[in-house]
Amino acid sequence: MTNPLYDPYAVLFKVYSGGAYLKQALADTPVEEANRPRTTRICYGVLENDLYLERCVKTFAAKNPKLPVRILLKIALYLLLYMGKKKYMVTDNAVSLAKKLGKGGAAGFLNAFLRAFDEKKVGLPEGEISSLSIRYSYPEFAVRLLLSEYGREEAVRIMEARPAGITVRFAGADSAQKYLSRVPDAVETPFENVWIFPSFRRDEGYDAGEYTFQSVGSVAICGGVDACDDLLDACAAPGGKSVLLAEKCARVTAFELHPHRAKLIEAYARRMHAENIRIVCRDSSLPDEAYRDRFDAVLVDAPCSGFGVAAENPDIRLFRKEADLAPICEAQKKILSACARYVKKGGFLYYSTCSVFGCENDGTVSSFLEENGEFSVMETDSPLGHVRKKFGLQFLPHLSRGAGFYFCKMRRKST
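In this text, all values refer to a predicted model and were calculated from it rather than measured experimentally. (Residues numbered from 1 in each chain as written. Predicted model: local features only at pLDDT ≥ 70, side-chain atom pairs only at ≥ 80, totals over all residues. Heavy atoms only, no water.)

Student: Before we move on, could you go through the side chain of Thr364 and cite the residues and values that matter?
Tutor: Within the secondary structure, Thr364 is located in helix H17 (residues 362-371). A relative accessible area of 0% places Thr364 in the buried class. Residue contacts for Thr364: discarding those within four places in its chain leaves Cys329, Gln332, Lys333, Leu336, Tyr351 and Cys359. (Helix = DSSP H or I, 4+ residues; strand = E, 2+ residues; numbered from the N terminus. Buried < 20%, exposed > 50% of the residue type's maximum accessible area, 1.4 Å probe, protein only. Contact = heavy atoms within 4.5 Å.)

Written out as structure tokens, the structure reads:
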């Protein structure tokens, strides 16, 4: 029988040591398929609780262990605290794996640590921000921003939110019914042929274009975009929004900076039989006069901190720093300003992020409007739960089926 700590360790070592994204690390690491659900749960769980597990380690370790041993301890602690595994079993597996990894010198420490561990002796730090940071494993700067913008009650609900499930968008009602008959406990969303499943095993229907996996936030953004003849998706990879918008827009141009990601859009469009998408590999932050006044509408789904989807991507909480926010906001403004030139007179400019921080959302829109008097904010709505901000709609994970994102609709003057 495979040591239950081995596969999670192999995945998490790539995340902690190399800065890999968890989803990519899970995809790139050979793991025992029969136990993939367990491995996935452990990896997500460790990262979701990283700061608390780190505090547990520091409470019972005289000095900070080296990274491989810390990772082993965090996995072991997760098994004890959140999966209810027996201490003797977890300890034996941790010690055994340490020896297998060539860390036999740490075997005695691991054994003593885990046998002595008592969660009752792990307290939270004083101070609201520090305490909430450890409890929900959110960096302190993110806690501070959430508290200032939403107040304690809503900030806690945002941090507590977990993904609603696996969102599947079907190509049509027939495809939806085919799979819904197999999984009766799927939850309907406000969007046509889009359902949330507690679990969903990919099969041949995926390659045939019968369905795709697309977040409810991505679908909602597309729902806010009006049908038109020529649309630009300015930050398009991996292509989900371009493909969905191609169903109601005659022609879609998809900009993507990186060639390898442009290929993702091409593959996505081919799989979903979207033939009206033109992919252009270019930097959306750099204005190009060749595209001036070219499009009826432009969607800027801008790069952002990603904290609106931190529940689905817990590595965001691990790696994102407060110093990242200012450069991110500057990049958003550059892209929005450059792409605004491509909107025809009377056309629409849409701005979205997967962030819950006002500086990236209303803040970026406010700066843009101050420098671009030709544009004004238009009223918009969505069937998905949200709150209204000064300029746009803010979707929050606990209100919006696990999705935290922002959407704003603007229009260029006709004359």
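Student: Outline the nonpolar core, listing residues and values.
Tutor: Judged by nonpolar contacts, the single largest core of 45 residues is most densely connected at Leu12, Leu22, Val46, Ile75, Leu77 and Leu114. Those elements that provide at least two residues to this core are helix H1 (6-18), helix H2 (22-28), helix H3 (36-48), helix H4 (50-60), helix H5 (67-81), helix H6 (87-100) and helix H7 (107-116). Of all the elements, H5 adds the most residues to this core, at 10 residues. Those residues in contact with Val46, other than ones at most four positions away along the chain, are Leu12, Tyr16, Leu53, Lys74, Ile75 and Tyr78. Of all hydrophobic cores here, the second largest spans 35 residues; its members include Val219, Ala237, Tyr350 and Phe407. (Core = buried A, V, L, I, M, F, W, Y, C linked by side-chain atoms within 4.5 Å.)

Student: I'd like a rundown of the pattern of salt bridges, residues and numbers included.
Tutor: If charged atoms from side chains of opposite charge come close, those side chains can pair. Following the criterion strictly, the structure yields 24 salt bridges and no others. One salt bridge connects Arg202 with Asp207, and the closest N-O pair in it is separated by 3.5 Å. Taken together, the shared-partner salt bridges connect Asp50, Glu54, Arg70 and Lys74 into one network. (Salt bridge = Lys/Arg side-chain N within 4 Å of Asp/Glu carboxyl O.)

Student: Quick rundown of H6? Include the residues and the values.
Tutor: Here H6 spans 20 Å end to end across 14 residues, near enough to the 20 Å set by a 1.5 Å rise per residue. Elements in contact with the buried residues of H6: H1, H5 and H7. Positive backbone phi, at 80 degrees, marks Gly102, one or two positions downstream of H6. (Expected span 1.5 Å × (residues − 1).)

Student: An account of the UniProt feature "domain: SAM-dependent MTase RsmB/NOP-type" (unreviewed entry) in the protein chain is needed here, citing residue identities and associated values.
Tutor: As recorded in UniProt, the feature "domain: SAM-dependent MTase RsmB/NOP-type" (unreviewed entry) lies at residues 131-413. For residues 131-413, the helix share is 34%, the strand share is 23%, and the end-to-end C-alpha distance is 49 Å. (UniProt positions renumbered as here; feature names shortened; annotations may be inferred.)

Student: Any chance you could break down the side chain of Ser355 for me, citing the residues and the numbers?
Tutor: Within the secondary structure, Ser355 is located in the loop between strand S9 (343-353) and H17. Looking at Ser355, its side chain comes within polar contact range of the main-chain nitrogen of Phe357, at 3.0 Å. Ignoring sequence-local partners within four residues, the contact set of Ser355 consists of Cys304, Ser305, Phe307, Gly308, Glu360, Asn361, Gln394, Gly404, Phe405 and Tyr406. (Polar contact = N/O pair within 3.5 Å; in protein donor to acceptor, adjacent residues only side chain to side chain.)

Student: Can you break down the packing of H3 against H5 residue by residue, with the values?
Tutor: Where H3 contacts H5, the two axes come as close as 10 Å, and the packing angle between them is 105 degrees. The orientation of H3 relative to H5 falls into the category roughly perpendicular. Two secondary-structure elements touch here, H3 through Arg41, Ile42, Gly45 and Val46 and H5 through Lys74, Ile75, Tyr78 and Leu79. Of the residues in the contact of H3 with H5, the class split is five nonpolar, one polar and two charged. (Axes fitted to C-alpha atoms, helices over the stretch in contact; angles between N-to-C directions. Parallel < 35°, antiparallel > 145°, perpendicular 65-115°, else oblique. Nonpolar A, V, L, I, M, F, W, Y, C, P; charged D, E, K, R; others polar.)

Student: Tell me about the packing of H4 against H5, residues and numbers included.
Tutor: The N-to-C vectors of H4 and H5 enclose an angle of 105 degrees; their axes lie 10 Å apart at closest approach. By the angle between their axes, H4 is roughly perpendicular relative to H5. Where H4 approaches H5, its residues Asp50, Tyr52, Leu53, Glu54, Cys56 and Val57 are matched on the opposing element by Arg70, Leu73, Lys74, Leu77, Tyr78 and Leu81. A class-by-class count of the residues in the contact of H4 with H5 yields eight nonpolar, no polar and four charged.

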